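Examination of the molecular architecture
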Amino acid sequence: MARGRSLLLAGDAKGARPLLAEALDLWRGEPYADWPDSAFADVERRRLEGVWVNATVAFFEAELELGRHEDSVPELEPMVTEQPLNESWWSPLVVALYRSGRQADALAAVRRARSHLADELGLDPGPRLRRA
């Protein structure tokens, strides 16, 4: 994952994409599912979920850099539905919608994200979503 992220940051989305896809293919279900009430497992689960989110966001960044906008939309939409407070999913979805020629849908997604964040957390969208 780190190598793929480094390549992406260096501007090599084509080289980063397969490495990021390979890292995501290693993910299998919920970590430590056999220890649902264990404190150590809870901490590690959250850490690993953060790693997965970072790898997934980097993968979609590579996809968007490679012009795979329309392919990204159906994969990102369930993510914003499942985790509407996670701005990591909204930003690439907005970009993918916009670049797919769906400007009205992109604006509607920004409004939905803003609404979720304001209603649930009392926050405005962060800089990444505002830039999108």
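Right above here is the structure, for reference.
We now turn to the structure provided with this report. (Residues numbered from 1 in each chain as written. Predicted model: local features only at pLDDT ≥ 70, side-chain atom pairs only at ≥ 80, totals over all residues. Heavy atoms only, no water.)

**A look at unusual backbone geometry**
Backbone geometry follows two general trends: most residues other than glycine have a negative phi, and most peptide bonds adopt the trans configuration. Inclusion rule: Only protein chains enter the accessibility calculation, which uses a 1.4 Å probe; a residue whose area is less than 20% of its type maximum is buried, one above 50% is exposed, and one in between is partly exposed.
The backbone of Tyr32 shows a phi angle near 55°, a positive value even though the residue is not glycine. When its relative accessible area of 30% is taken as the criterion, Tyr32 is described as partly exposed.

**Digging into the nonpolar core**
Applied cut-off: Put simply, buried Ala, Val, Leu, Ile, Met, Phe, Trp, Tyr and Cys residues joined by side-chain atoms within 4.5 Å make one nonpolar core. In this text, helices come from DSSP runs of H or I with a minimum length of four residues, and strands from runs of E with a minimum of two, each type numbered from the N-terminal end. Any two residues having at least one pair of non-hydrogen atoms within 4.5 Å are treated as being in contact.
Residues Leu76, Trp89, Trp90 and Leu93 are the most contacted members of the largest nonpolar core, which totals 31 residues. Here this core takes 8 residues from helix α3 (residues 39-65), the largest share from any one element. Not counting the four nearest positions on each side in its chain, Leu76 is found in contact with Phe60, Trp89, Pro92, Leu93 and Ala96.

**Notes on the pattern of salt bridges**
Keep this limit in mind: Throughout this description, the term salt bridge denotes a Lys or Arg side-chain nitrogen within 4 Å of a carboxyl oxygen of Asp or Glu.
Summed over all chains, the structure comprises 9 salt bridges. For Glu61, the salt bridge goes to Arg5, with nearest N and O atoms at 2.7 Å. Of this pair, Glu61 sits in helix α3 while Arg5 sits in helix α1 (residues 2-9); the two residues are 56 residues apart in sequence, bridging distant segments of the chain. A residue is classified by how much of its surface remains accessible, and Arg5, at 27% relative accessible area, is partly exposed.

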